Amino acid sequence: MSVVIAGTVALDNVKTPQDAQENLLGGSASYAALAASIFCQPIHLVGVIGHDFPKPHLDMLASRGITLDGLERSEGESFTWTGEYHEDMNNRTTHKVGINVLEQWQPKLPDAAKAAKVAVAANMSPDNQMQMLDQIQADFVTADTMDLWINIANERLHDVLKRIDLLVINDGEAKEFAGTTNLVEAGRKLQAKGPRFVIVKRGEHGSFLFGEKPEEFFACSAYPLHSVFDPTGAGDSFLGGLSGWLAANGKTKPTFEDLKTAVVHGSVTASYTCEAFSTHKLQTVTLKDIAARISELRSFTAF
């Protein structure tokens, strides 16, 4: 069972209180694809890169069972993000964003990617998400978004919500998009916009899953980390991990109970992302590692 993931593939320059590095692998689709590849392969990656994109990043992705046929090469410069995390790792400053090759890009899916049963429209413009949705044949479609698109492409984002099964969004953006300060109300209001299921990410506090019935609600704890080195891409890893688990287990038309299990796997996957720069930790994670942390998380939260 394969997964198609479309989104950004970027070069990140990241500074944390511990260190700083440049030309790191970044982008919503990169993190999501690596996370999904832990559970199933192949993963069809759809994005665009420039002439300056390092070959070692591509080699690493391919080594993890990620097919690059849908990764467009451009003569322009790659999409870049430069940012800095502060002592409180929940706060960061974006210093520079280079849109570059993303400005005119339109996703073009190879036939094998179009046929994937699980599809992920990772964080990218709603126009790009709609272009992806027009090409796929998936049974289950997930999507992520951010405050930028809520503010500048709200109408188009509403069009996306009518065509997906699961929306994944962080807590602050959920409140902004739904127009409420209550997360439970926000989740239900977002469901009313189209998706059958909604997940509100709450960072170190875990996530809320909203099912189709009023009584279908699940609060998942985050795996407790002693320290966070670089949280970039954790939300994308969460989305990729849960989507990869669904595909690996043939859950292309998942029930609420299936999604509860997928959320736990996504949450634990994301915890590894935070332990090193970029994808450095994520690209070494195994199913055995995931199982070990899930066992610990279960013992931490059972009563």
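Residues numbered from 1 in each chain as written. Predicted model: local features only at pLDDT ≥ 70, side-chain atom pairs only at ≥ 80, totals over all residues. Heavy atoms only, no water.

Labelled according to an unreviewed UniProt entry, the protein appears under the name Sugar/nucleoside kinase (Ribokinase family), originating from Prosthecobacter vanneervenii.

Some points on the sheet that holds strand 12 (residues 207–210)
Read from one edge to the other, the open sheet built from nine strands follows the order 5-4-1-8-9-10-11-12-13, with strand pairing classed as mixed. The open sheet has two free edges, formed respectively by strand 5 (66–73) and strand 13 (217–220), since each of these has just one partner strand. Taken pair by pair, the neighbouring strands of this sheet meet at an average axis angle of 15°, ignoring direction. Strand direction decides the pairing type here: strand 1 (residues 3–6) and strand 4 (residues 43–49), joined by four bridges, are parallel. In the strand pairing of strand 4, V3 is matched with I43. The strands touched by helix 2 (residues 55–63) are strand 4 and strand 5; relative to strand 5, the strand with the most contacts, the crossing angle is about 145°. (Pairing = 2+ DSSP bridges. Helix = DSSP H or I, 4+ residues; strand = E, 2+ residues; numbered from the N terminus. Axes fitted to C-alpha atoms, helices over the stretch in contact; angles between N-to-C directions. Contact = heavy atoms within 4.5 Å.)

A few points about the sheet that holds strand 6 (residues 80–85)
Here four strands make up an open sheet; going across it, the order is 3-2-6-7 and the pairing mixed. Strands at the two margins of the open sheet, each flanked by one partner only, are strand 3 (20–26) and strand 7 (92–98). Mean inter-strand twist for the sheet, computed between neighbouring axes without regard to direction, equals 20°. Across five bridges, the pairing between strand 2 (residues 10–15) and strand 3 is antiparallel. Looking at strand 3, one finds that D12 is bridged to L24. The strands touched by helix 1 (residues 28–37) within the sheet are strand 2 and strand 3, with strand 3 carrying the most contacts at an inclination of about 70°. Running over the sheet, helix 2 touches strand 2 and strand 3 and is turned about 50° from strand 3.

Points about the pattern of salt bridges
If the charged atoms of two oppositely charged side chains come close together, the side chains can form a pair. The full count for this structure, using the stated rule, is 13 salt bridges. Two residues, D159 and R156, come together in a salt bridge whose shortest N-O distance is 3.7 Å. Taken together, the positions of D159 and R156, both in helix 6 (residues 154–161) and three residues apart, correspond to about one turn of that helix. Note on D159: relative accessible area 27%, which makes it partly exposed. Overall, the relative accessible area of 33% leaves R156 in the partly exposed class. (Salt bridge = Lys/Arg side-chain N within 4 Å of Asp/Glu carboxyl O. Buried < 20%, exposed > 50% of the residue type's maximum accessible area, 1.4 Å probe, protein only.)

Considering helix 2
All of the buried residues along helix 2 are H57, L58, M60 and L61. Buried residues in helix 2, looked at end-on, bunch into an arc of 160°, giving them a common side. The exposed set on the far side of helix 2, more than 90 degrees from its buried face, consists of K55, P56 and S63. Each element contacted by the buried residues of helix 2 is listed here: strand 2, strand 3, helix 1, strand 4 and strand 5. Positive phi appears at G65, one or two residues downstream of helix 2, with a value of about 80°. (Arc of directions from axis to C-beta.)

Things to note about the packing of aromatic side chains
The geometry of an aromatic ring pair comes down to the distance between the two centres and the angle between the two planes. Tallied over the full model, the rule gives five aromatic pairs. Arranged with centres 6.2 Å apart and planes meeting at 40°, the rings of Y223 and F300 form a pair that is tilted. With Y223 in the loop between strand 13 and helix 9 (234–248) and F300 in helix 11 (residues 287–301), this pair connects stretches of sequence that are 77 residues apart. The rings of F208, F210 and F217 are connected pair by pair, giving a single aromatic cluster. The ring of Y272 carries R293 above its face, with NZ or CZ at 3.9 Å from the centroid. (Phe/Tyr/Trp six-rings, centres within 6.5 Å; stacked < 30°, edge-to-face > 60°. Lys NZ or Arg CZ within 6 Å of the ring centre and 35° of its normal.)

Let's talk about the pairing of strand 1
By the alternation rule, side chains of strand 1 split into V3 and I5 and V4 and A6, which are all buried. Two strands pair when backbone bridges link them, and strand 1 and strand 8 (residues 118–121) are joined in this way by four bridges, in the parallel orientation. The residue of strand 8 that forms the bridge with A6 is A121.

Describing the packing of helix 1 against helix 9
The geometry of helix 1 relative to helix 9 is characterised by a closest axis approach of 7 Å and an angle of 40° between their N-to-C directions. Between helix 1 and helix 9 the crossing geometry is right-handed. Facing helix 1, whose interface residues are S28, Y31, A32, A35 and A36, helix 9 presents D236, S237, G240, G241 and G244. Its residues assigned to classes, the contact of helix 1 with helix 9 comprises four nonpolar, five polar and one charged. (Left-handed = near helix turned anticlockwise from the far one by under 90°. Nonpolar A, V, L, I, M, F, W, Y, C, P; charged D, E, K, R; others polar.)

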